[in-house]
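What follows is the residue order along each chain.
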Amino acid sequence: MKKIRLLSLFLLIGIFLVGCSSGNNSQSSSGGKDSKGGDESDGKLSGEITVWAHPYTGDQEVEGKMWDEIISSFEEETGVKVNFEQIPWANRDQKILTALVANNGPDVFYAIPDQMPQYADEGMLLELDPYLEDLDMDDFVDTALVSTTWKDKLYGLPILQEAYTFLYNVDIVKDIGGDPENLPKTWDEFDEWAKKAKDKGYYAMSFAGGGSMNGTFYPYVWQAGGDIVNEDNEVLINNEKSLKAWERLDHMYKEGWIPEDSITAMEHDALWDSGKLLAVQGSGASITNILSKDLFEFVIAPPLTGEEQVTYGTTGMFVAPVNTDNPAAAAEFIKVMTNTENQKRFNKVTQYIPTRESAKEIFDEEPYLSQLATYTEYALPGVIHPAGRTIMPFIQSELQTMMEGKKTPKEAADAAAEAIKVELDKN
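Trainee: So what exactly am I meant to see when it comes to the sheet that holds strand S12 (residues 315-319) here?
Mentor: The pairing of strands in a sheet happens through backbone hydrogen bonds and is either parallel or antiparallel. Pairing in this open sheet of five strands is mixed, and the strands run S2-S1-S3-S12-S6 from one edge to the other. Across the chains shown, the open sheet's two edge strands, defined by having one partner strand only, are strand S2 (81-86) and strand S6 (156-161). Shown here is a sheet whose adjacent strand axes are inclined to one another by a mean of 20°, direction ignored. Sheet analysis places strand S1 (residues 48-53) next to S2, joined by six bridges and oriented parallel. Residue pairing across strands places glutamate 48 opposite lysine 81, the latter belonging to S2.

Right, dumping it as structure tokens:
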């Protein structure tokens, strides 16, 4: 079934590229006039564009009002009509790809870090650099632009970020003799607290080995100074630095610092809520959830440092397909959508962290989120590579095998590296 799905994807991409070639030829002979009424010959925007985005909260009324304000303002300023459609998260890849291949898809759509490099590497996205000459990029958080760039070309502008870091139970911090105002900054400092927590009958932290590696294992790889795979297809998951992350997780599990079910667990909310965990890895959604329960006091710490101070945090962006009929208007919408004013509107409603420093003031009255927003400078968005999504199960499987005691850290890391190389050779 996997081979059939991959074959279908490649066939669709082939059809898409043929269609793009044909479409680009016809556009070039049309004097800049496109089927949606856009006319770039005089430098003015016109026509219409279609925008696809997802639901970001459970309150469709509030979200709808936000989109109405953003779109109305854009239409008034540019004269471009915007047709907005909210599409579900489920089967989003299939819906977007199928629509683009049929040449009836959106002119702008929301993308996440593991989608962008897949589409960009196949030539399916519009390069935005030519449209951004008048845009000051310095206000964007540097790490937010990592996921919008593929092989030195910019294909999207970021609208939201997250930052994962440790949240500490203050009661347990005090019980082990720690200071809530002087939290661990390095691996070694955390390990000292972990030993004390174990001696007092607590777990040091949660580890959801059955969940995404983005927020669990990858931060340790990056903190060790290692990496997974780069855009040149160099596999780095088992190099000398990355191996330290494997060894660290193996050690923590053997020491009992993380729960017994960490090999396959999806979360440890019950252990955290019942006061059994010194710390839990969390983001903005975690903070909102904890505050809603009001079970005990907690504090937020900066991301830990091994060789590097870094953590995980996804980035959401808006991109345009290369076969859009109105590229100038599509690029302009992406620029306007991600300006300071609209980042404030969007992220105030969705409670994500803005990717512009000038928009982060929306959390000035919310101390936890305001503190978390300062950590996005350390937040990497995952593995930015077309195979980023497909290689994760290989790494997860080997990590679980190691934690079960069936492989050493080096054996598991080497096996993961070999599996990744095999996957890359297929493409």
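Trainee: So what exactly am I meant to see when it comes to the layout of surface pockets here?
Mentor: As a volume, the second largest pocket reaches approximately 770 Å³. Tyr164, Gln281, Gly282, Ser283 and Ser286 are the residues nearest the centre of the second largest pocket, which is lined by 39 residues in total. Of all elements in the fold, only helix H9 (269-273), strand S9 (277-282), helix H10 (284-293) and helix H13 (367-373) reach the threshold of two or more residues within the lining of the second largest pocket. Looking at the lining of the second largest pocket element by element, the count peaks at seven residues for H10. Looking at side-chain class alone, the lining of the second largest pocket contains 17 nonpolar, 17 polar and five charged residues.

Trainee: When you look at the packing of helix H8 (residues 240-255) against helix H15 (residues 409-426) in this model, what are you seeing that I'm missing?
Mentor: Two quantities define a packed helix pair, namely the angle between the helix axes and the distance between the axes. At a closest axis distance of 9 Å, the pairing of H8 and H15 adopts a crossing angle of 130°. By the angle class used here, H8 and H15 are oblique. Of the two elements, H8 crosses H15, and the hand of that crossing is right-handed. Facing Leu243, Trp246, Glu247 and Asp250 of H8, the residues of H15 in contact are Pro409, Lys410, Ala412, Ala413 and Ala416. For the contact of H8 with H15, a count of residues per class yields six nonpolar, no polar and three charged.

Trainee: Got a minute to help me understand the nonpolar core in this structure?
Mentor: In globular proteins that are soluble, nonpolar side chains generally tend to be buried together. Core analysis: the largest hydrophobic core is formed by 56 residues, its most contacted members being Tyr168, Phe217 and Trp246. Core analysis: the next-biggest nonpolar cluster, separate from the first, contains 34 residues, Ile49, Val108, Ile112 and Ala331 among them.

Trainee: Is there a simple way to think about unusual backbone geometry in this case?
Mentor: Where the residue is not glycine, phi is negative for most of them; where a peptide bond is considered, it is trans in most cases. Despite not being glycine, asparagine 91 has its phi angle at roughly 60°, a positive value. In this structure, asparagine 91 sits in the loop between S2 and helix H3 (92-101). Despite not being glycine, asparagine 233 shows a phi value in the positive range, around 65°. Structurally, asparagine 233 is set in the loop between helix H7 (218-223) and H8. The class for asparagine 233 is partly exposed, based on a relative accessible area of 40%.

Trainee: Mind showing me how you'd approach the pairing of S1 here?
Mentor: In summary, the side chains of a regular strand alternate between the two faces of the sheet. The element S1 is extensively covered by neighbouring structure, given that five of its six residues are classed as buried. Note on the crossover from S1 through helix H2 (residues 60-78) to S2: the handedness is right-handed. Direction of pairing for S1 relative to strand S3 (residues 108-111): parallel, over a ladder of two bridges. If you follow tryptophan 52 over to S3, its bridge partner there is phenylalanine 109.

Trainee: Sorry if this is basic, but what is going on with the environment of proline 184 here?
Mentor: You can see proline 184 is positioned in the loop between helix H5 (170-175) and helix H6 (187-199). Spatially, the C-alpha atoms of proline 184 and proline 302 are 8.5 Å apart, while their sequence positions differ by 118 residues. In contact with proline 184, not counting residues within four places along its chain, are Tyr168, Glu189, Phe190, Trp193 and Leu304.

Trainee: Explanation requested: the sheet that holds strand S10 (residues 298-300) in the structure shown.
Mentor: As summarised here, the arrangement of the four strands in space is S8-S9-S7-S10, forming an open sheet in which the pairing is mixed. Where the open sheet ends on each side, the last strands, each with one partner, are strand S8 (203-205) and S10. Averaged over all neighbouring strand pairs, the angle between strand axes comes to 25°, with direction disregarded. When S8 meets S9, the two strands line up parallel, connected through two bridges. Bridge pairing links tyrosine 203 to leucine 277 in S9. Each of strand S7 (165-169), S8 and S9 is contacted by H6, which is oriented at about 150° to S8, the strand it contacts most. Helix-sheet contacts for H10 involve S7, S9 and S10, and the interaxial angle to S10 is about 165°.

Trainee: Before we go on, may I ask you to explain a negative patch on the surface in this structure?
Mentor: Residues Asp152, Glu231, Asp232 and Glu234 make up a contiguous surface patch of negative charge. Here glutamate 234 is to be found in the loop between H7 and H8. Given a relative accessible area of 44%, glutamate 234 falls into the partly exposed group.

Rules and cut-offs
Residues numbered from 1 in each chain as written. Predicted model: local features only at pLDDT ≥ 70, side-chain atom pairs only at ≥ 80, totals over all residues. Heavy atoms only, no water. Pairing = 2+ DSSP bridges. Helix = DSSP H or I, 4+ residues; strand = E, 2+ residues; numbered from the N terminus. Axes fitted to C-alpha atoms, helices over the stretch in contact; angles between N-to-C directions. 1 Å grid on protein atoms, 1.4 Å probe; cavity = no way out; pocket = protein on both sides within 12 Å on 5 of 7 lines; lining within 4 Å. Points joined across faces, edges and corners; volume = space filled by probe spheres on them. Nonpolar A, V, L, I, M, F, W, Y, C, P; charged D, E, K, R; others polar. Parallel < 35°, antiparallel > 145°, perpendicular 65-115°, else oblique. Left-handed = near helix turned anticlockwise from the far one by under 90°. Contact = heavy atoms within 4.5 Å. Core = buried A, V, L, I, M, F, W, Y, C linked by side-chain atoms within 4.5 Å. Buried < 20%, exposed > 50% of the residue type's maximum accessible area, 1.4 Å probe, protein only. Right-handed = clockwise from strand over helix to strand, strands pointing away. Patch = residues over 30% accessible without salt bridge, like charges linked within 9 Å, V, L, I, M, F, W, Y side chains within 5 Å. Areas by Shrake-Rupley, 256 points an atom, 1.4 Å probe, with all protein chains shown as cover. Salt bridge = Lys/Arg side-chain N within 4 Å of Asp/Glu carboxyl O. Lys, Arg positive; Asp, Glu negative; His and termini not counted. Charge placed at Lys NZ, Arg CZ, Asp CG, Glu CD.

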